[in-house]
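Below, each chain spelled out in residue letters.
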Amino acid sequence: MRVIEIREAGGPDVLQVTERPRPEPGPGEVLIRVDAAGVNRPDLVQREGRYPPPKGVTDIPGLEVAGRIIALGADDEQGAPRSATGHRWALDEPVMALVAGGGYAE
């Protein structure tokens, strides 16, 4: 999949498109095909080198996304993850999300 990487700290010119393997969702997770990503202050500060990603979180920037679910991780005996409110996610369902990182990716 194509992603936006931060080559080094700096202005917008340090962003670069590159290829990475498509992730697989873990238990309780969904994989979203990103159609739109927001640009917010933490993304800008991360690009400037003043906000490292938290430990265990991808280095790909992007905290806000909208798109469609393309893969489901296992969750319960029926196999589909649920939201915090109990909604069972489905393939091709439109979603928007606040994520820990990785929004600047397909």
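Coordinates for the structure precede this section.
The rules behind these values
Residues numbered from 1 in each chain as written. Predicted model: local features only at pLDDT ≥ 70, side-chain atom pairs only at ≥ 80, totals over all residues. Heavy atoms only, no water. Helix = DSSP H or I, 4+ residues; strand = E, 2+ residues; numbered from the N terminus. Buried < 20%, exposed > 50% of the residue type's maximum accessible area, 1.4 Å probe, protein only. Contact = heavy atoms within 4.5 Å. Areas by Shrake-Rupley, 256 points an atom, 1.4 Å probe, with all protein chains shown as cover. Lys, Arg positive; Asp, Glu negative; His and termini not counted. Charge placed at Lys NZ, Arg CZ, Asp CG, Glu CD. Salt bridge = Lys/Arg side-chain N within 4 Å of Asp/Glu carboxyl O. Pairing = 2+ DSSP bridges.

Brief notes about the overall build of the protein chain
A count of helices and strands for the protein chain gives one helix and five strands. Its helices and strands taken in sequence order, the protein chain reads β-β-β-α-β-β from the N to the C terminus. Overall, the C-alpha framework of the protein chain stretches about 45 × 25 × 20 Å when taken along its three principal axes. Considering the protein chain as a whole, with its 106 residues, one finds that 28% of them fall into the buried category. In the protein chain, the proportion of contacts linking residues at least 24 apart, taken out of those at least 6 apart, comes to 63%. Taken as a whole, the protein chain presents about 6,600 Å² of accessible surface, with 55% of it coming from carbon and sulfur. Between the averaged position of the 12 positive side-chain charges in the protein chain and that of its 17 negative side-chain charges there is a distance of 3 Å.

Here's the deal with the pattern of salt bridges
Applying the stated criterion across every chain yields a total of five salt bridges. One salt bridge connects R20 with E5, and the closest N-O pair in it is separated by 2.8 Å. With R20 in the loop between strand 2 (15-19) and strand 3 (30-37) and E5 in strand 1 (residues 2-6), the pair connects residues that are 15 residues apart, well separated along the chain. Judged by relative accessible area, which is 21%, R20 ranks as partly exposed. Among the ionic pairs, R33 bridges to D35, the shortest N-O distance being 3.2 Å. The class of R33 is partly exposed, set by a relative accessible area of 35%. Several salt bridges converge on common partners, so that one network encompasses E5, R20 and D59.

Here's the deal with the pairing of strand 4 (residues 64-72)
If a strand is regular, its side chains alternate between the two faces of the sheet. Note that strand 3 and strand 4 share seven bridges and pair antiparallel. If you follow L31 over to strand 4, its bridge partner there is A71. Two strands pair when backbone bridges link them, and strand 4 and strand 5 (residues 94-98) are joined in this way by five bridges, in the antiparallel orientation. Bridging across to strand 5, A66 finds its partner in M96.

Keep in mind these numbers describe shape, not what the thing actually does.
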